[in-house]
Amino acid sequence: MGTLATLFAPQRVAVVGATDREGSVGNAVFQNLVDDFEGEVVPVNPSKSSVLGRECYDSVAEVPPVDVAVIVVPPDIAVEAVREAGEHGIENVVVITAGFSESGSEGAARERELVDIAEEYDMNLVGPNCVGVMSTSVGLNATFAPLNANPGNISFMSQSGAFITAVLDWASDRDIGFKDVVSLGNKAVLDEGDFIEEWGADPDTDVVLGYLEDIDNGRAFMETAREVTQDTPVVVVKSGRTDAGASAAASHTGAIAGSDRAYEAGLEQAGVIRTETVQELFDTASVLAGQPLPDNENVAIVTNAGGPGVMATDAVGDSSLSLAEFRDETLSELEEFLPDGANIYNPVDIIGDAPAERFERTIDAVLDDPNVGMAIVLACPTATLSFERLAEQTARLQEAHDTPVAGVLMGGTSAQDAREVLSDAGIPSYFDPARAVDSLDRLQEYATLQDREYTEPESFEVDEEKRDEVLARAAERDSTRLGVEAMELLDAYGIPTPAGRVVDDPEEARELAESIGGDVVMKIVSPDILHKSDIGGVEVGVSPDEVWDTYEDLVARARQYQPDASILGVQVQEMIDLEEATETIVGVTRDPQFGPLVMFGLGGIFVEVLEDTSFRVAPVPEPEAREMTEEIDAAPLLQGARGREPVDTDELVEVIQRISQLVTDVPAITELDINPVVATADGVTAVDLRLTLDQEEL
Ligand code: ADP
Ligand code: MG
């Protein structure tokens, strides 16, 4: 695939299906191009000799060389037009036409044809079923949107075409400017990963924004995004978050929405900032596009109003930011010129009679303080304060100190002009103090992301022979559900398990128990019994002389539960002292787009009731595995709360990595649960196992 530079900065564009007929897509696209495009635009339509006064060509094969062909003709003709464009050496095609994979099997076949043609001629193909592309760099508006984008440094892609037109409308009076805009449509060829890559390399794009309903190839996307986000922030609002939303997304662009957990983890791991709402998306974009990154996470608040100052302070408390502590020089300077009744400590309250000049000196003093990473200038309208003057000075000081600032102007029309002054200087301003704090919080989030260094996942030495033996046995028995009889798989991957194995007669059980020594644990082993203890299938603390009888009891209970259950035998296992232990869970599910997803949590109610879990897309490198053990709410229980000894987190972190390696190595494992992994101060032990295999992958 060629570079996308000529897609966004073409010299000549052809519109296949251009027409004079008002109200048609072919007319809207052509008109938009005629209006603003700096290059040349050529109509193609066999039934016209000219469109809007321009000489019209019968087919795309006849036009003089163009960089982009925009296709708006009906679907079957569109496929032929794309082929002709390919034969004619046109590098980029934008297929606006609908009637492809979003509309049944015939459309899907047509879309496959498009993909084949694009591949054959090495073409960049946007769409089909999209609104088109824009680039303000050359006045390119190859869309049928009724509005053009304001120029700026944000590049925006959207899987919903309607959302693009809505955003352009909304942004038009908000000083939000764009470099490139692309409607992704069905993403038959070019997808979110391609555009992120392009914009990551584009010096004129400072922030990448996306509205995504699904991500086609999660792993590839993560790899691209991980690189790009080192230099360029990528902010995504992803829809289909709740189950209801997910089914809406599926019926929308024919997208199969991946599970939200996978997106959440994958985007996070790739350094992509995800927002919940559209407002947050643009708040984040504006602050990233307009402000420098902070040196530290400490905020100074300067205000002429006590109450709103407290609101801002509370919002800082709820965020990942902290309230800056001023150094002594700053405090004595503030003390010098601020009147009695003012508060020189953060939040600095310069009181209600403050003119702009008092704001100015205060802002200058706090921005001078190296303890301050960013500032919020918060003003309520008063008779003594000129908002406009305040805005001008804030802009000047922000630039002079090169420290990020957000404005809170708590006025309506009286604040309008001042807002514009701030916005021209790239300083976001809001009515609500909490929004200013949120924006700065996002700025800090990106600063932290950028500092983060990616560590390659560790590759542990494993016993491949043993692993393959277990899998071969499963393939032979054609079992899709495995339990503790597959514990050797864990042994093969160096995950500590108790001594023991599965036996199928009581005498053997007795001998095994004897060799293990002391009391043992015995469990029924049957692919038909998922939760062994639920049916009385687990006995702990079995003394050697009880082993024989317990064996027969366990089998009898299983028979009683399900007479035709297939019983593989009984597992006799070394007993682990649970007195000082914490039961944790390490699990895996497989996401269609992102692949294996590793879960960590604490056992019992923590997972089942509170869903207190942490997810990462595999393979999981060490720092990410460690984060998993630290970010669950119940983490203090692992770290030694209530006088307990902290568990061996290093071992736990290693188990997570080893499981991640296992499921990456063995694609046939579709689900896996080690519940529990018993963690103590001295180490961890996996005492149970359940997994699901896809026989076709074996
Ligand atoms: P299941 O989850 O199918 O009911 P488990 O093997 O997880 O079966 O056993 C149930 C519980 O019994 C575990 O959560 C743990 O508390 C306890 N247990 C299981 N194996 C051992 C063992 N080897 N040592 C000590 N306790 C165990
Ligand atoms: Mg269990």
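Up top you'll find the structure we're talking about.
Residues numbered from 1 in each chain as written. Chains lettered and ligands numbered in written order. Predicted model: local features only at pLDDT ≥ 70, side-chain atom pairs only at ≥ 80, totals over all residues. Heavy atoms only, no water.

Draft legend 1. Molecular detail of the side chain of Q657. Inspection of the secondary structure puts Q657 in helix α24 (residues 649-665). Apart from residues no more than four positions distant in its own chain, Q657 is found in contact with E458, F460, V620, P621, E622 and A625. (Helix = DSSP H or I, 4+ residues; strand = E, 2+ residues; numbered from the N terminus. Contact = heavy atoms within 4.5 Å.)

Draft legend 2. Molecular detail of the sheet that holds strand β5 (residues 68-71). As summarised here, the arrangement of the five strands in space is β2-β1-β5-β6-β7, forming an open sheet in which the pairing is parallel. The sheet terminates laterally at β2 (40-44) and β7 (124-126), the two strands that pair on one side only. On average, each strand axis in the sheet is tilted by 20° relative to the strand beside it, whichever way the strands run. When strand β6 (residues 92-95) meets β7, the two strands line up parallel, connected through three bridges. In the sheet register, N92 faces β7, and the bridge partner there is N124. Lying over the sheet, helix α3 (residues 75-87) contacts β1 (12-16), β5, β6 and β7, oriented at roughly 175° with respect to β5. (Pairing = 2+ DSSP bridges. Axes fitted to C-alpha atoms, helices over the stretch in contact; angles between N-to-C directions.)

Draft legend 3. Seen up close, the site of ligand 1. Around ligand 1 there are 18 residues in total, and K523, K532, S533, Q573 and E583 lie nearest to it. For ligand 1, an oxygen atom lies 2.7 Å from a polar atom in the side chain of K523. Backbone polar atom of K532 to an oxygen atom of ligand 1: 2.8 Å apart, as the coordinates give it. In isolation ligand 1 has 540 Å² of accessible area, and contact with the protein removes 86% of it. (Near = heavy atom within 4 Å. Polar contact = N/O pair within 3.5 Å; in protein donor to acceptor, adjacent residues only side chain to side chain. Areas by Shrake-Rupley, 256 points an atom, 1.4 Å probe, with all protein chains shown as cover.)

Draft legend 4. Layout of a nonpolar patch on the surface. Nonpolar side chains collect at one region of the surface, where I605, V609 and L610 lie side by side and expose about 310 Å² of accessible area between them. Within the secondary structure, L610 is located in the loop between α21 (605-608) and β28 (613-617). Its relative accessible area of 53% is what places L610 among the exposed residues. (Patch = residues over 30% accessible without salt bridge, like charges linked within 9 Å, V, L, I, M, F, W, Y side chains within 5 Å. Salt bridge = Lys/Arg side-chain N within 4 Å of Asp/Glu carboxyl O. Buried < 20%, exposed > 50% of the residue type's maximum accessible area, 1.4 Å probe, protein only.)

Draft legend 5. Inspection of empty space enclosed by the protein at higher detail. Counted by the stated rule, this structure contains four cavities of 30 Å³ or more. Taken as a whole, the largest cavity spans an internal volume of roughly 140 Å³. Along the wall of the largest cavity there are 16 residues; nearest its centre are L482, G483, S526, I529 and L530. For the lining of the largest cavity, the secondary-structure elements that each account for two or more residues are β21 (481-482), β23 (520-525) and β31 (690-693). For the lining of the largest cavity, the per-class residue count stands at nine nonpolar, two polar and five charged. (1 Å grid on protein atoms, 1.4 Å probe; cavity = no way out; pocket = protein on both sides within 12 Å on 5 of 7 lines; lining within 4 Å. Points joined across faces, edges and corners; volume = space filled by probe spheres on them. Nonpolar A, V, L, I, M, F, W, Y, C, P; charged D, E, K, R; others polar.)

Draft legend 6. Just the packing of aromatic side chains, in detail. The final tally for this structure, using the stated rule, is nine aromatic pairs. Pairing F8 with W199 gives two aromatic rings, centres 6.0 Å apart and planes at 40°, and the pair type is tilted. With a gap of 191 residues between them, F8 in helix α1 (residues 5-8) and W199 in helix α6 (residues 192-200) connect regions that are remote in the sequence. Note on accessibility: F8 and W199 belong to one class, buried. Centroid distance F156 to F178: 5.9 Å. Interplanar angle 35°. Geometry classified as tilted. Taken as a pair, F156 in strand β10 (residues 151-158) and F178 in strand β11 (residues 178-183) lie far apart in primary sequence, 22 residues in all. For F156, a relative accessible area of 0% puts it in the buried group. Assessed through its relative accessible area of 1%, F178 is described here as buried. The ring of Y454 carries the charged tip of R226 above its face, separated from the ring centre by 3.8 Å. (Phe/Tyr/Trp six-rings, centres within 6.5 Å; stacked < 30°, edge-to-face > 60°. Lys NZ or Arg CZ within 6 Å of the ring centre and 35° of its normal.)

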